[in-house]
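Coordinate analysis (summary)
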Amino acid sequence: MSAAAHSVVVPSTTAKRVAATLVIVYALISMIPLLWIFATSFKTPPDSIAYPPKIVFTPSIEGYCNLFTTRTRQTREYIDALPAPTGFCDETTRKRNMVIAGPSNFLPRFVNSLVIAFGSTFCAVFLGTLAAYGFSRFRVPLADDLLFFILSTRMMPPIAVAIPIYLMYRELGLSDTALGMILLYTAVNVSLAVWLLKGFIDEIPREYEEAAMIDGYTRLQAFRKVVLPQATTGIAATAIFCLIFAWNEYAFAALLTSGTAQTAPPFIPTIIGEGGQDWPAVAAGTTIFLVPILVFTILLRKQLLRGITFGAVRK
Amino acid sequence: MAEVSLRGVSKSFGDTEAVSELSLDIADGEFVVLLGPTGAGKTTTLRLIAGLERPEAGSILIGGRDVTRVEPASRDTAFVFQQYSLYPHLTVFENLAFPLRSPARRMSEAAVKARVAEVAKLVRIDHKLENRATRLSGGEMQRVAIGRALVRRPAIYLMDEPLSSLDAKLRADLRLELKRIQAELGSTMLYVTHDQIEAMTMADRIGILSEGRLVQIGTPREIYTAPANLHVAARLGRPAINLLPVGLLPDAAAPAGAATIGARTEHIAIGKVNGAVASGAANGRVEWIEHLGDQNHLHVAVAGHKLVTLVDAATELRPGDGVSLQLKNPLYFDAAGARL
Ligand SMILES: Nc1ncnc2c1ncn2[C@@H]1O[C@H](COP(=O)(O)OP(=O)(O)O)[C@@H](O)[C@H]1O
Ligand SMILES: [Mg+2]
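Residues numbered from 1 in each chain as written. Chains lettered and ligands numbered in written order. Predicted model: local features only at pLDDT ≥ 70, side-chain atom pairs only at ≥ 80, totals over all residues. Heavy atoms only, no water.

- For chain B, the name recorded in an unreviewed UniProt entry is Multiple sugar transport system ATP-binding protein, with Prosthecomicrobium pneumaticum as its organism.
- Regarding chain B, the relevant UniProt record gives this comment under Subcellular location (unreviewed entry): "Cell inner membrane".
- Comment text from UniProt for chain B, heading Sequence similarities (unreviewed entry), reads "Belongs to the ABC transporter superfamily." (UniProt positions renumbered as here; feature names shortened; annotations may be inferred.)

- Where an unreviewed UniProt entry is consulted, chain A appears under the name Multiple sugar transport system permease protein, with the organism given as Prosthecomicrobium pneumaticum.
- The UniProt entry for chain A carries the following comment under Subcellular location (unreviewed entry): "Cell membrane".
- Note on chain A: under the UniProt heading Sequence similarities (unreviewed entry), the record states "Belongs to the binding-protein-dependent transport system permease family."

Structural data, given as structure tokens:
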């Protein structure tokens, strides 16, 4: 039967449907926590702790109001004496016998996260690309040992060096500074970047640069004009890996930042404490926290998809 | 354009001697082809001249200047690589313009455009200038690769089997074109290949390379009619030269010390016989006639050896026929393989 023989090569429609269903079910299960957080961020505080949990509810942006503001409790008389509320947030807050005292720390913490994560990603990828190029193209003495040493910095659980780093940072005045966090995340990520990028650059035939150098380009010019454009896939993939690490990092951020340089991960849990267990505000913070990685990944998804094969397939 | 000299150049990689004590002079405007099998050191020789490898010994002169320690960018060569010839992220135009836009050259954009247009026409790719380099057929890619070398007027063009990845028809076309372009421009060219036809048809002089050594250099005619040794003889001619032990065929003229006879078609007279053979000839039997289209090969068995010669398509010989074989001024080689 030719149809049966055919099905050996091309999966049958049924098989495709089963596979698609399984993938969708798996995706849904994996996404439940995310959807839960997303839904919670649009609930009112009472709805968020209702039991049994409310699947259907009237959406409210109260969580977002609470995320971006600090509030103080006031007497009814004081609130009634105030001029008319200026917006939705103002109005909702007053209904809960509170007034907005000022902006919360969420925005500056979020900006810290952006600066530190993108800054360290840029540094790690920049240094990683140069180092990977060097290892790939030049006869580096003890290259294998050096590469192993670079990798070995990733083998230890980071928390094992937490105390020495804490003490060093205090001595150097790097505690609670964006520079300190950028340096730290760069140091952690650069090893990953070197290893990933070396694989990609090894795949680019050196004849391309050699041709450029014969044509009158210096090595650095050849690197810029010929190697970099062909390494974009690898660079994008590496950047995403580095960014995800730096963006999500909690332990060092909690240990080394407490004030001006605090990033979003250690800040978000602190929202719980302010004025009762404000789950919608926490969920709102988490939802916003997810956005940059999502956007960055979507922007680079083409490169990422090709890059995920770690340079095995180019073009 | 300029003359190029290699003086006792050696280069090894670990234990492999890729090129050893190579000396070669290429005159201004000369087309030299180095012919050798894979691993003979052809690519390494070109890379040494271009400056991509540093020799362990010897010196390299381009236009009289010792460039042994000079960077590739300042050597004024153009290189066509065997593989990976085009930048995949650039268009055909950008590929052709790339050497001209090098910071070392500082050509005006108008001059670049004019030059690229000129060369694109020369290599017949002017209709695809805006194509991505990866969106071309093999022949077109190779034409662009050659074009990218031709946009410059370097001291010497170095070409590393630029036609080897192409099909036969295209190879034949480009072979002629390349020779025509070289002759027109009067450029100095060092071209390496393992294809004897390319060597025979294009070269002013052929150098035979074997295991990193230059075995012989001379005009195609010289190399063909007077090969220095068995190795060189075996590299040229189609069908390949017949190598027979002395004495297999009667030969009064064999010099003392001859161990092997090299006989090409033109060295053997073959006639159909019925019955006894004339003295001074051997008796053979036609095994089969191979029709290759452009050539017809006659396979003859004689005293346990096999001979292959060219034969006319209209030959009256048939498989099974008896033939007489007579040598006419063949090549003689001693026991060590050197020609006598
Ligand atoms: N970069 C290299 N590292 C190690 N060995 C090499 C290198 N380049 C060439 N060789 C060796 O040198 C010899 C000559 O190589 P090559 O010049 O590429 O020959 P060809 O071009 O005639 O095929 C071969 O044995 C090859 O394996
Ligand atoms: Mg080669």
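Additional details are given in the paragraphs that follow.
**A word on the interface of chain A and chain B**
- With 17 residues of chain A in contact, the opposing surface of chain B contributes 23 residues.
- Interface area for chain A against chain B, summed over the two sides, is near 1,800 Å², with a carbon-plus-sulfur share of 65%.
- The largest contributions to the chain A side of the interface with chain B come from I214, D215 and Y217 of chain A, which together make up 37% of the buried area.
- For the pair chain A and chain B, the interface holds 2 salt bridges.
- Between E210 of chain A and R47 of chain B there is a salt bridge, with its nearest N and O atoms 2.7 Å apart.
- Here chain A and chain B share 12 residue pairs in polar contact (both at pLDDT 80 or more) between them.
- Taken together, the elements giving at least two residues each to the side of chain A that touches chain B come down to α11 (207-214) and α12 (219-248) of chain A.
- Residues that form the side of chain A that touches chain B fall into these classes: 9 nonpolar, 3 polar and 5 charged. (Contact = heavy atoms within 4.5 Å. Buried area = accessible area lost by both parts, 1.4 Å probe. Salt bridge = Lys/Arg side-chain N within 4 Å of Asp/Glu carboxyl O. Polar contact = N/O pair within 3.5 Å; in protein donor to acceptor, adjacent residues only side chain to side chain. Helix = DSSP H or I, 4+ residues; strand = E, 2+ residues; numbered from the N terminus. Nonpolar A, V, L, I, M, F, W, Y, C, P; charged D, E, K, R; others polar.)

**Focus: the sheet that holds strand β18 (residues 331-334) of chain B**
Residues and elements named next belong to chain B.
- Here we have 3 strands laid out as an open sheet, ordered β11-β12-β18, and antiparallel in their pairing. Single-partner strands in this sheet number two, and they are β11 (242-245) and β18. Taken over all neighbouring pairs, the strand axes of this sheet differ in orientation by 30 degrees on average, direction set aside.
- In the sheet, β11 pairs with strand β12 (residues 258-263) via 4 bridges, with the strands oriented antiparallel. Within β12, the residue paired with P245 across the bridge is T260. (Pairing = 2+ DSSP bridges. Axes fitted to C-alpha atoms, helices over the stretch in contact; angles between N-to-C directions.)

**Section: the UniProt feature "domain: ABC transporter" (unreviewed entry) in chain B**
- Taking the numbering used here, the UniProt-annotated feature "domain: ABC transporter" (unreviewed entry) corresponds to residues 4-236 of chain B.
- Secondary structure within residues 4-236 of chain B divides into 34% helix and 26% strand; the distance between the first and last C-alpha atoms comes to 26 Å.

**As for the packing of aromatic side chains**
- One pass over the full model with this rule turns up 17 aromatic pairs over all chains.
- The interplanar angle of 55 degrees and the centroid separation of 4.5 Å between the aromatic rings of Y87 of chain B and F98 of chain B together place this pair among those described as tilted. Here the residue Y87 of chain B occupies a position in the loop between β6 (77-80) and α2 (92-97), and F98 of chain B occupies one in the loop between α2 and α3 (109-122), the gap between them amounting to 11 residues. Of the two residues, Y87 of chain B and F98 of chain B, both sit in the buried class.
- Ring pairing ties together the aromatic residues F68, F106, F110, W247, F267 and F289 of chain A, which thus form one cluster. (Phe/Tyr/Trp six-rings, centres within 6.5 Å; stacked < 30°, edge-to-face > 60°. Buried < 20%, exposed > 50% of the residue type's maximum accessible area, 1.4 Å probe, protein only.)

**Some remarks on unusual backbone geometry**
- Of note, the amide linkage connecting Y51 of chain A to P52 of chain A takes the cis form, showing an omega dihedral of 0 degrees.
- Structurally, P52 of chain A can be placed in the loop between α3 (45-48) and α4 (62-68).
- R238 of chain B connects to P239 of chain B through a cis peptide bond whose omega is 0 degrees.
- Summarising the element assignment, P239 of chain B is placed in the loop between α8 (230-235) and β11.

**Structural notes on the pattern of salt bridges**
- By the definition in use, this model includes 26 salt bridges over all chains.
- As a salt-bridge pair, R76 of chain A and D80 of chain A come within 3.6 Å of each other at their nearest N and O atoms. Of this pair, R76 of chain A and D80 of chain A both sit in helix α5 (residues 76-81), 4 residues apart, roughly one helical turn.
- Here R101 of chain B and E109 of chain B are joined by a salt bridge, their closest N and O atoms 2.6 Å apart.
- We classify E109 of chain B as partly exposed; its relative accessible area is 39%.
- Look at the salt bridges and you will find they share partners, linking R137, E209 and R219 of chain A into a network.

**Quick word on the site of ligand 1**
Residue and element names in this part refer to chain B.
- Around ligand 1, the structure places F13, T16, A18, P37, T38, G39, A40, G41, K42, T43 and T44.
- Contact between ligand 1 and G41: an oxygen atom at 3.1 Å from a main-chain N or O atom of the residue.
- One of the backbone nitrogen or oxygen atoms of K42 is found 2.9 Å away from an oxygen atom of ligand 1.
- In isolation ligand 1 exposes 550 Å². Once the protein is present, 60% of that is buried.
- Going through the elements one at a time, β2 (16-26) and α1 (42-50) are the ones with two or more residues in the shell around ligand 1.
- When residues of the shell around ligand 1 are assigned to their parent elements, the largest contribution, 3 residues, is made by α1. (Near = heavy atom within 4 Å. Areas by Shrake-Rupley, 256 points an atom, 1.4 Å probe, with all protein chains shown as cover.)

**Considering the UniProt feature "transmembrane region" (unreviewed entry) in chain A**
All names here are of chain A.
- Taking the numbering used here, the UniProt-annotated feature "transmembrane region" (unreviewed entry) corresponds to residues 18-39, 114-134, 146-166, 178-197, 226-247 and 279-300.
- Along residues 146-166, the helical share is 57% and the strand share 0%, with 27 Å between the first and last C-alpha atoms.
- Annotated as residues 178-197, this span is 100% helix and 0% strand, and its ends, taken at the C-alpha atoms, are 26 Å apart.

**Brief notes about the side chain of D215 of chain A**
- Tracing the backbone shows D215 of chain A in the loop between α11 and α12.
- Taking relative accessible area as the criterion, D215 of chain A reaches 6% and is therefore assigned buried.
- Here the side chain of D215 of chain A touches R152 of chain B through a polar contact of 2.8 Å, side chain to side chain.

**Things to note about the pairing of strand β16 (residues 305-310) of chain B**
Residue and element names in this part refer to chain B.
- Of the pairings in the sheet, the one linking strand β15 (residues 296-302) to β16 comprises 6 bridges and is antiparallel in character. Following the sheet pairing, V302 is matched in β16 by H305.
- Here β15 hands over to β16 after 2 residues, with A303 in that stretch at a positive phi of 45 degrees.

**Considering the state of the cysteines**
Residues and elements named next belong to chain A.
- Within the structure shown, the criterion is met by 1 disulfide over all chains.
- With its sulfur 2.0 Å from that of its partner, C65 forms a disulfide with C89. Between C65 and C89 the sulfur-sulfur dihedral comes to about -75 degrees; the bridge is accordingly left-handed. Residue C65 is located in helix α4, and its partner C89 is located in helix α6 (residues 88-95); the two are separated by 24 residues in the primary sequence.
- Classification of C89 as partly exposed rests on a relative accessible area of 23%.
- The thiol of C123 is not disulfide-bonded; the next cysteine sulfur, from C242, is found 11 Å away.
- Taking the relative accessible area as the measure of exposure, C123 reaches 28% and is therefore partly exposed.
- Judged by its relative accessible area of 0%, C242 is buried. (Disulfide = S-S within 2.5 Å.)

**Observations concerning the environment of V308 of chain B**
Residues and elements named next belong to chain B.
- With respect to the helices and strands, the residue V308 is situated in strand β16.
- Measuring from C-alpha to C-alpha, the distance between V308 and N242 comes to 6.8 Å, with 66 residues separating the pair along the chain.
- Excluding residues that lie within four positions of it along the chain, V308 makes contacts with P239, N242, H297, L298 and H299.

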